[in-house]
Every structure is written in structure tokens, then in C-alpha cells.
Amino acid sequence: MQTQLAPMPRHDFQITAVFKHRIFFTRDVFAAGNPLVGDLLTEGEGLRVLILLEDSIAEAWPDLTGKIERYFADLHFRYCGVHILPGGEVVKTDDDLVQNVWQLIEDHRIDRHSYVLAIGGGAFLDATGFASATAHRGVRYLRFPTTTLSQDDSGVGVKCGINGFGKKNWIGSFYVPFAVINDYNFLHTQDEDTRRAGLIEAVKVALVMDGEFFDWMVSHADNLSKLEKEALETCVRRSALLHAQHITSGGDPFETGSSRPLDFGHWSAHKLEQMTDFSLSHAHAVAIGVALDSLYSVRVGLMEMAHAKRVIRLIQDLRLPIWHEALWERDELGRLVVLQGLEEFREHLGGRLTVLLLEHPGQGKNVHQMDTEIIERCLDDLAQMDAKSSIDLSAD
Ligand SMILES: NC(=O)c1ccc[n+]([C@@H]2O[C@H](COP(=O)([O-])OP(=O)(O)OC[C@H]3O[C@@H](n4cnc5c(N)ncnc54)[C@H](O)[C@@H]3O)[C@@H](O)[C@H]2O)c1
Ligand SMILES: [Zn+2]
């Protein structure tokens with residue numbers, strides 16, 4: 001007979017941590033008369049400031065390094081210089097940039113109270129953020145996003161990381177930056193395609209959170225596609241604040257559950273980026289993913305076709321793609337390769353497959369399974385729409 005073991009004592013403690021998520025919008029952040037950064041950082045004996053600058057920004061803004069040096073000359077920090085480093089998605093495909101940043105942090109004796117300021121696009125910030133989050137288990141990290149996408153989405157988020165095992169963001173962590181400083185001036189030196197493409201994350205967040213913002217985007221599609229300054233900056237700000245609102249008030253900032261509304265349209269997007277060896281940008285892949293999941297929402301009876309038509313029209317008005325040939329790629333068993341994105345998405349989130357679909361712009365609904373035949377039909381529709389640029393999407 002087995003003896004009954006007395007239950008082992010159990011001790012549960014609650015760890016409560018409060019994070020401040022500081023987001024600023026400004027112009028010409030390192031101009032002599034702009035007090036923002038100086039006021040934000042606590043100056044102190046021995047506190048150091050290390051600046052990481054993406055090379056494309058250094059090129060587009062040749063006087064920036066000198067300006068930063070002059071800005072910090074008047075402040076009481078141990079200034080550790082501006083370091084120009086590569087950016088773009090390629091820096092997420094291996095750990096070279098992460099290693100470089102670790103080395104700089106070590107060489108310049110950056111401690112947990114000192115500051116790392118990173119200026120660049122979303123990929124640069126993801127990689128430098130990860131290096132900063134993991135050096136000494138986290139040094140104070142300030143993001144200065146420079147692309148539309150990084151200002152209207154990723155820069156105001158609390159995630160960082162690089163790709164691993166051929167999968168997006170496999171290596172990474174949650175790390176609340178010390179501050180996010182969106183300097184609108186940076187937006188206007190990106191090439192037009194990148195500047196426009198980043199608007200897709202604004203379309204996405206409007207669709208899942210704010211129908212009125214979606215209507216605003218539709219009514220300003222022409223201004224946005226022409227990259228008119230005021231429309232672009234308004235859109236970036238509204239999108240950034242919606243993202244931040246979801247992260248800070250949505251109840252799951254570190255994504256412990258399986259629901260991920262801000263990843264609407266991303267299950268196929270991440271797979272497409274991988275299938276194209278990242279030659280398809282994140283933004284373009286998301287445009288396709290948003291079109292696909294909007295159409296799918298109609299085909300499973302959740303949303304009216306008129307809404308999906310408006311979404312797809314907006315994406316096209318913004319001169320973004322709704323189709324890529326890789327969508328037709330099949331494996332040796334004849335299955336669409338993009339469908340593997342569903343399982344990879346589930347694995348990345350953990351738990352049960354949870355995909356957000358739409359009931360109407362501004363209102364999402366989580367589902368736990370996706371019908372692969374219906375996805376194929378939606379892909380057919382998208383291919384035809386892309387060929388004709390418009391199609392009669394009658395809900396047959
Ligand atoms: N961490 C998150 O929560 C999160 C969320 C969404 C997206 N992302 C990631 O963000 C990345 C995409 O970011 P992105 O769209 O900013 O692309 P990106 O960082 O690749 O930048 C695009 C190009 O623009 C150049 N560039 C950047 N700013 C410029 C400027 N002001 N002037 C001139 N050229 C400039 C860059 O050098 C690059 O060649 C992807 O890796 C995606 O996975 C992360
Ligand atoms: Zn995204």
C-alpha cells in the first residue's frame with residue numbers, strides 16, 4: 001500500500017511592478033533650444049550617455065552627429081560619443097549588431113543607471129533594444145524612431161528582438177524603454193515608399209480599435225498617399241497613441257495570454273517575410289495580411305463585404321500591395337506554404353491558436369480556428385483584385 005505524502009508547504013508571493021511609459025512628440029530634438037532630452041535625463045555624477053545612430057540617418061542628416069555633441073556638451077554626463085551602426089531588416093537576421101552594442105556598452109562602462117539613446121528605424125531599434133535589455137539585465141534605453149512604422153507602431157511598443165531559426169522575432173524580450181521620442185522631422189527623409197508603407201500599421205490599429213480613425217484615414221487617403229506633412233504626422237501620432245493605449249490599458253502588456261489584437265493580419269505577414277527571405281518588407285507584408293484577414297472575416301460571415309472593400313481600397317489608395325506571388329507557393333504535398341504561418345503564429349504566442357478577425361472597422365473578434373479552404377478562396381480573390389486592381393467582390 002502506498003503511503004500518503006503530506007502536502008509540501010507552498011508559498012505564493014505577488015510581484016508588483018509599475019512601469020512608466022513616456023512618449024513624446026517633438027521636432028528637431030537635438031536643437032540647442034529644445035530642452036526635452038536634457039530635462040528628461042537625470043544628470044548625475046558618473047552617469048554616462050551612449051548614442052547609437054543608424055547609418056542611413058547619419059547619411060540623411062550629416063550635421064546630426066555634431067548637433068548631438070554640442071547638445072550634450074552643455075549637460076553634465078560622461079558623454080560616450082555617437083556610434084554609427086548599420087540598420088534595416090538585415091541586422092535582425094544575425095546577432096552581429098547585438099554583439100557590437102554589447103561591446104560598446106562594456107567598453108564605455110554603461111551601467112544600469114546610465115543611458116543608451118538609439119536613433120533609427122524599427123529593425124535598428126529592435127536589435128539595439130534587445131542588446132540594451134540584456135546588458136546588465138537592462139540599461140536605461142531611449143528610442144528615437146525615424147520611420148513611419150517605428151513612430152506609429154514598433155517604437156512605442158515594449159518589445160525588442162531579432163529573428164532566429166528563420167522566424168521573425170524568435171529571440172527577444174519585453175522591455176519598457178526609458179522613453180520614446182518621436183521627432184517628426186526624421187519622417188521626411190525616408191524614401192517615399194518606406195514613408196507610405198509604415199501607414200499600414202495605422203490602418204491596422206484603426207481597424208482593431210478605432211473605427212472613427214479608420215474613417216479619417218479613408219477620407220484623407222489622398223493626402224496620405226501624397227505624403228502631405230500634416231496628414232502624415234497626424235496619422236502617425238494617432239496611431240502611436242492607440243498602440244500605447246492598448247499596451248498600457250489592454251490588460252496584457254507582456255502578452256502572457258494568447259490574444260494579440262495588434263497582430264491583426266500578421267500571421268501571414270510574418271510567414272511571407274520569411275518566405276521571401278525578408279526581401280518583402282514588414283510593412284508590405286502586413287498590407288497583404290490585413291487585406292487577406294479582412295476578406296476572410298467576410299467569407300466566414302463576420303463582416304459585411306462593403307467594409308472589406310473599403311479596407312482594400314484604402315490599402316490600394318496608399319499604394320501598398322495586396323498580393324505577392326509567394327502566396328501561391330506549395331510544399332511537396334501540395335499545401336500552401338503560407339498556411340504554416342498559422343501554426344508558427346500559434347507557437348510564437350503560445351497556447352491556443354487565436355487570430356483576430358473583424359466585425360467592422362474598429363471592432364475585432366478572436367477566433368480559434370481558420371478554415372484553409374476559405375483562406376485559399378480569399379487568396380484567389382486577392383490575386384484577381386490585384387490583377388484587375390478592382391473586382392466585384394459580391395459575397396457569393
Ligand atoms: N518591436 C515591435 O513591437 C515591432 C512592431 C512592428 C514592427 N516591428 C519590426 O520593425 C521592423 C520594420 O521597421 P521599419 O519599417 O522602420 O523598417 P527598417 O528599420 O528596416 O527601415 C527601413 C529603411 O529606412 C531607412 N531609414 C530609417 N529611417 C530613415 C530616415 N529617417 N531617413 C532615411 N532613411 C531611413 C533604414 O535604414 C532602412 O533601410 C521589422 O523588423 C518589424 O518586425 C517591431
Ligand atoms: Zn507589424
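Note that the structure is a prediction, hence the values are computed from the model and not measured.

Draft legend 1. Fine view of the overall build of the protein. Assigned secondary structure in the protein consists of 17 helices and 10 strands. A compact globule built from 396 residues should have a C-alpha radius of gyration of about 21 Å, and the protein, at 22 Å, falls within 12% of that. Taken along the three principal axes of its C-alpha coordinates, the protein extends 80 × 70 × 40 Å. Long-range contacts, defined here as pairs at least 24 residues apart, represent 76% of the contacts in the protein between residues at least 6 apart. About 18300 Å² of surface is accessible on the protein, with carbon and sulfur atoms providing 49% of the total.

Draft legend 2. Inspection of the coordination of the zinc ion (ligand 2) at higher detail. At this site the zinc ion (ligand 2) is bound by Glu201 (OE), His266 (NE2) and His282 (NE2), with donor distances of 2.0 to 2.1 Å. Each donor residue of the zinc ion (ligand 2) lies on the same chain, and together they follow the pattern E-x64-H-x15-H. Highlighted residues: Glu201 in helix H9 (residues 200-209) and His266 in helix H13 (residues 266-275), separated in sequence by 65 residues. Like Glu201, the residue His266 is buried in the burial classification.

Draft legend 3. Examining the sheet that holds strand E8 (residues 179-183) more closely. Read from one edge of the open sheet, 6 strands run E1-E8-E5-E4-E2-E3, paired in parallel fashion. Here the strands that pair on one side only, and so sit at the sheet edges, are strand E1 (23-26) and strand E3 (78-85). Averaged over all neighbouring strand pairs, the angle between strand axes comes to 15°, with direction disregarded. The sheet contacts of helix H3 (residues 64-73) involve strand E2 (48-54), E3 and strand E4 (115-120), and relative to E3 the element is tilted by about 165°.

Draft legend 4. Molecular detail of the pairing of E8. Most of E8 is tucked away, with 5 of its 5 residues classed as buried. Here E8 shows no split at all, with Ala179, Ile181 and Asp183 on one side and Val180 and Asn182 on the other all buried. Bridge count for E1 against E8 is 4 bridges, and the pairing is parallel. In the strand pairing of E8, Ile23 is matched with Val180. Two elements, strand E5 (residues 140-145) and E8, share 2 bridges in a ladder whose sense is parallel. If you follow Leu142 over to E8, its bridge partner there is Ala179.

Draft legend 5. Spotlight on the site of ligand 1. Residues in contact with ligand 1 amount to 22 residues; listed here are only the nearest, Glu54, Ser56, Glu89, Thr147 and Lys168. Within the side chain of Glu54, a nitrogen or oxygen atom sits 2.4 Å from an oxygen atom of ligand 1. A distance of 2.5 Å separates an oxygen atom of ligand 1 from a polar atom in the side chain of Thr147. Summarising the interface, the protein chains cover 84% of the accessible area of ligand 1, which totals 880 Å² for the free molecule. Listed by contribution, the elements that provide at least two residues to the shell around ligand 1 are helix H2 (55-60) and helix H5 (122-134). Top contributing element to the shell around ligand 1 by residue count: H5, with 3 residues. Tallied by class, the residues present in the shell around ligand 1 amount to 4 nonpolar, 11 polar and 7 charged.

The rules behind these values
Residues numbered from 1 in each chain as written. Chains lettered and ligands numbered in written order. Predicted model: local features only at pLDDT ≥ 70, side-chain atom pairs only at ≥ 80, totals over all residues. Heavy atoms only, no water. Helix = DSSP H or I, 4+ residues; strand = E, 2+ residues; numbered from the N terminus. Rg over C-alpha atoms; globule rule 2.2 N^0.38 Å. Contact = heavy atoms within 4.5 Å. Areas by Shrake-Rupley, 256 points an atom, 1.4 Å probe, with all protein chains shown as cover. Donors = N, O, S within 2.8 Å, 3.2 Å for Na, K, Ca; no water. Buried < 20%, exposed > 50% of the residue type's maximum accessible area, 1.4 Å probe, protein only. Pairing = 2+ DSSP bridges. Axes fitted to C-alpha atoms, helices over the stretch in contact; angles between N-to-C directions. Near = heavy atom within 4 Å. Polar contact = N/O pair within 3.5 Å; in protein donor to acceptor, adjacent residues only side chain to side chain. Nonpolar A, V, L, I, M, F, W, Y, C, P; charged D, E, K, R; others polar.

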